[in-house]
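Structural characterization, general
Chain residues, written in single-letter form:
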Amino acid sequence: MYYQPFSVSMTYDRQILDILLQVGERGLSVQAIAKHVYNQNCSLFGSPVYADVYNYVQQYLLRNSKSAHSLIENAGRRGRYRLNTQGSDDARQLMLRFQEEKELPEKEEKPVDFSLDLFA
């Protein structure tokens, strides 16, 4: 595996947490999370290597689910993970922030007409 630049790893971390926030209590498997992260980073001009994304996701989940107060916990079955909303204050804060973002009304912007008026 090659070295992940800092910005890529921070992007993956945020994407993993966003996916786990959306899934909720039932959790997701490592493979499903890795597929979501991979798909979010694919573009017309390039895409990451799936094996590298999978390894990163797996290591991130293992590293952040070691104790009862960790941000992520095992969802009951082997290989499934969810946010630890009972034992982690950070996870509860993420849930609150995610709910606030969903409830904010979107501002409607009026389209600006930049075309030239031929009859002026």
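Look up: the structure comes first, before these words.
Residues numbered from 1 in each chain as written. Predicted model: local features only at pLDDT ≥ 70, side-chain atom pairs only at ≥ 80, totals over all residues. Heavy atoms only, no water.

1. Points about the overall build of the protein chain
- Across its full length, the protein chain carries 4 helices and 3 strands.
- Helices (α) and strands (β) of the protein chain occur, in sequence order from the N terminus, as α-β-α-α-β-β-α.
- Out of the 120 residues belonging to the protein chain, those deemed buried represent 32%.
- Contacts spanning at least 24 positions in sequence make up 44% of the contacts within the protein chain whose residues lie at least 6 apart.
- With the model as given, the accessible surface of the protein chain reaches about 9,000 Å², and the carbon-plus-sulfur share is 53%. (Helix = DSSP H or I, 4+ residues; strand = E, 2+ residues; numbered from the N terminus. Buried < 20%, exposed > 50% of the residue type's maximum accessible area, 1.4 Å probe, protein only. Contact = heavy atoms within 4.5 Å. Areas by Shrake-Rupley, 256 points an atom, 1.4 Å probe, with all protein chains shown as cover.)

2. A look at the sheet that holds strand β1 (residues 28–29)
- Pairing within the open sheet is antiparallel, and its 3 strands lie in the order β1-β3-β2. The open sheet has two edge strands, β1 and β2 (72–74), and neither has a second partner.
- Across 2 bridges, β1 lies against strand β3 (residues 80–83) in antiparallel orientation. Bridging across to β3, S29 finds its partner in R80. (Pairing = 2+ DSSP bridges.)

3. Side note on the pattern of salt bridges
- The full count for this structure, using the stated rule, is 2 salt bridges.
- The residue R14 makes a salt bridge to D18 at a minimum N-O spacing of 3.3 Å. Taken as a pair, R14 and D18 lie in helix α1 (residues 6–23) at a separation of 4 residues, close to a single helical turn.
- The class for R14 is partly exposed, based on a relative accessible area of 32%.
- In this structure D18 comes out as partly exposed when scored by relative accessible area, which is 22%.
- One salt bridge in this structure joins R82 and E73, with 2.8 Å as the shortest N-O distance.
- Owing to a relative accessible area of 21%, E73 belongs among the partly exposed residues under this scheme. (Salt bridge = Lys/Arg side-chain N within 4 Å of Asp/Glu carboxyl O.)

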